[in-house]
Amino acid sequence: MRVAVVGAGYVGLVTAACLSEFGFEVICIDKEADKVERLRQGEIPIHEPGLDGLVFANRRAGRLDFSDDLASAVRGAGVVFIAVGTPSRRGEDAADLAFVRAAAEQIGRALDGFTVVVTKSTVPVGTARILEQLIRNVRPDADFAMASNPEFLREGSAVEDFLRPDRIVVGLSSEIARERMSEVYRPLMLRGVPLLFTNFETAELIKYAANAYLATRIGFINEMADLCEAVGADVGAVTRGMGLDRRIGLHYLQPGPGFGGSCFPKDTRALTSIAKQAGARSRIVEAVIEANAARKESLAERIAAAVGGLRGKRVAVLGLSFKAETDDLREAASFVVIPALQKEGATITAYDPVAIAAARPLLPDVTWCGDAYETAKDADAIVVLTEWNEFRGLDLRRLAAQMRKPVLIDFRNIYSAGDVAKTPFVYHSLGRTTVEPQA
Ligand code: NAD
């Protein structure tokens, strides 16, 4: 079967590469011609572990191709996935469906022969039915069925997540769509991955409910971390003590600088908008959004308190992406913290293993460095914003020796307080007491 994937971003590219790995003949379409050209040259535009090898192997096997010509890619495809962006509407909570609608219209015009059109983008409840009507309007004679197949992959482990998902959710309204989607996911079903068939609305809501719940766990543990600091408890032990309870589990209970990325912020906002429209309340999710924004905004104050005021201080920032193993900067804490520090008179040096190229044009007046040691030179504080593995094993004595004042502010709790106590650093982390160097 031929499969077309519209959108060659984090989700589209991974979907296309993984489906070609299953043996399907896949064509991945993007409207950005230069992105397509780079992909055809073998250049992967995003940082995602394992993706380059998969793309290379399947291109060589002749199963994967890239194009900016949506119409010819869609013709003859048995399934067409829509994997374009659904950002928040400017200044609003609701998801902007402009890209999805445009893609659906283009697909509708190009359809020939029976095709299943699948929304893989995260879309508000009701979208599959809206798109079905949209396609009918542009092509009353088209032979197609809709399916809603939200994606749960995480950036940084997207390939692994796609190939070994916990479950696959498919919303649909016809037996023929069910058969086609079963064919697409048979390789995973044979490995025992549960495939959940639901109606459109349920599938669409599962995605938002899952993301809002995970965001809530993060918001909750961040609040507990603050409480730990206030009462002298240790959040690491609290998390373990809670998480070993099988009703709770340990996942998504790691305190941090506030969640960011391309999904949790916009999807929680979109959920509140969906709920409002439906006349239901989403008080918990609203509180999570508010607490998360306040957390990001409070980080500069925490740094100021740790260094005794920001004016004239040099702050070394380690990590810019919203989490490790990705170059995605969307709604990253760095974009709130760095401008706030600069506004208060601090100068910034910064390093990230993969995200500097993307960050450079967006964050002015930052001195970009080639590694953590260069970043720390003459700094008054180091701030860890992203939990990259390469920061975990840094030689802290060597770092401290380069600095004007050895202050380490760890917004990811990647160091053991006991280890840092043996170095010259004053160590501030989340939900744990500040550590002064041992004599
Ligand atoms: P992205 O911004 O990385 O990629 C979207 C791509 O679609 C871009 O390359 C854009 O040029 C292309 N595009 C837009 N309109 C097009 C059109 N009409 N024809 C061809 N190409 C077009 O987005 P993403 O992060 O991959 O997210 C896509 C969707 O998947 C969103 O709805 C998102 O919420 C959802 N999602 C994302 C993740 C994630 O971790 N990034 C995880 C699960 C679900």
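Keep in mind it's a predicted model, so treat the numbers as computed, not measured.

(A) Up close: the site of the ligand. As a matter of local geometry, the ligand sits amid 26 residues, with D30, K35, T86, E155 and K266 nearest to it. At a separation of 3.1 Å, a nitrogen atom of the ligand approaches a polar side-chain atom of S262. For the shell around the ligand, the elements supplying multiple residues, two or more each, are α1 (10–21) and α5 (98–110). Here the residues of the shell around the ligand sort into 9 nonpolar, 8 polar and 9 charged.

(B) Fine view of the sheet that holds strand β5 (residues 115–119). Spatially, the 8 strands line up as an open sheet ordered β3-β2-β1-β4-β5-β6-β7-β8, and their pairing is mixed. Each having just a single partner strand, β3 (64–67) and β8 (195–198) make up the two edges of the open sheet. In this sheet, adjacent strand axes meet at a mean angle of 25° when their direction is disregarded. As defined by bridge partners, strand β7 (residues 168–172) adjoins β8 across 4 bridges and the pair is classed as parallel. Note on β8: the bridge partner recorded for V170 is F197. Taken strand by strand, α1 contacts β1 (2–6), β2 (25–29), β3 and β4 (79–82), and its axis lies near 170° from that of β2.

(C) Region of interest: the domain arrangement of the protein chain. On domain assignment, one finds that the protein chain holds domain 1 (2–198) and domain 2 (289–428). Each of domain 1 and domain 2 has a C-alpha centre, and the two are 37 Å apart. Counting residues at the interface gives 8 residues for domain 1 and 10 residues for domain 2. Buried area between domain 1 and domain 2, both sides added, is near 650 Å², and the carbon and sulfur share of it is 41%. At the boundary of domain 1 and domain 2, one finds 4 residue pairs in polar contact (both at pLDDT 80 or more).

(D) Region of the structure containing the nonpolar core. Counting residues in hydrophobic clusters, the biggest one holds 56 residues, and the most contacted among them are L320 and Y415. Top element by residues in this core is helix α12 (residues 283–307). It accounts for 6 residues. Counting residues in hydrophobic clusters, the runner-up holds 46 residues, among them L13, L64, F114 and F162.

(E) The sheet that holds strand β12 (residues 381–384), seen in detail. Across the sheet, 6 strands lie side by side as β11-β10-β9-β12-β13-β14; this open sheet has parallel pairing. In this open sheet, the two strands that pair with only one neighbour each are β11 (366–368) and β14 (426–429). Neighbour to neighbour, the strand axes of the sheet diverge by 20° on average, direction disregarded. For strand β10 (residues 347–351) and β11, the ladder comprises 3 bridges, and the chain directions are parallel. Residue pairing for β11: I348 is matched across the bridge by V366.

(F) View of the pattern of salt bridges. Scanning the entire structure with this criterion turns up 24 salt bridges. Across the pair D245 and R247 runs a salt bridge, and its minimum N-O distance is 2.7 Å. A salt bridge links K266 to D267, with the shortest nitrogen-to-oxygen separation between them at 2.7 Å. Salt bridges linked by common partners bring D226, E229, R295 and R302 together as one network.

(G) The packing of helix α9 (residues 200–231) against helix α10 (residues 235–243), seen in detail. For the pair α9 and α10, interaxial distance at closest approach is 9 Å and the crossing angle is 135°. As judged from the angle between their axes, α9 and α10 are oblique. The way α9 lies across α10 gives a crossing that is right-handed. For the pair α9 and α10, the contacting residues are F220, I221, A225 and C228 in the first and V235, V238, T239 and M242 in the second. Here the contact of α9 with α10 is composed, by residue class, of 7 nonpolar, 1 polar and no charged.

(H) Up close: helix α8 (residues 175–189). For α8, with 15 residues, the first-to-last C-alpha span of 18 Å runs short of the 21 Å given by 1.5 Å per residue. The sharpest bend along α8 comes to roughly 45°, located at E183, with the proline P187 sitting one to four residues further on. Residues of α8 that are buried: A177, M181, S182, V184, Y185 and L188.

Criteria and thresholds
- Residues numbered from 1 in each chain as written.
- Predicted model: local features only at pLDDT ≥ 70, side-chain atom pairs only at ≥ 80, totals over all residues.
- Heavy atoms only, no water.
- Near = heavy atom within 4 Å.
- Polar contact = N/O pair within 3.5 Å; in protein donor to acceptor, adjacent residues only side chain to side chain.
- Helix = DSSP H or I, 4+ residues; strand = E, 2+ residues; numbered from the N terminus.
- Nonpolar A, V, L, I, M, F, W, Y, C, P; charged D, E, K, R; others polar.
- Pairing = 2+ DSSP bridges.
- Axes fitted to C-alpha atoms, helices over the stretch in contact; angles between N-to-C directions.
- Contact = heavy atoms within 4.5 Å.
- Domains from an automatic or database assignment.
- Buried area = accessible area lost by both parts, 1.4 Å probe.
- Core = buried A, V, L, I, M, F, W, Y, C linked by side-chain atoms within 4.5 Å.
- Buried < 20%, exposed > 50% of the residue type's maximum accessible area, 1.4 Å probe, protein only.
- Salt bridge = Lys/Arg side-chain N within 4 Å of Asp/Glu carboxyl O.
- Parallel < 35°, antiparallel > 145°, perpendicular 65-115°, else oblique.
- Left-handed = near helix turned anticlockwise from the far one by under 90°.
- Expected span 1.5 Å × (residues − 1).
- Bend = angle between axes of the 7 residues up to and from the residue.

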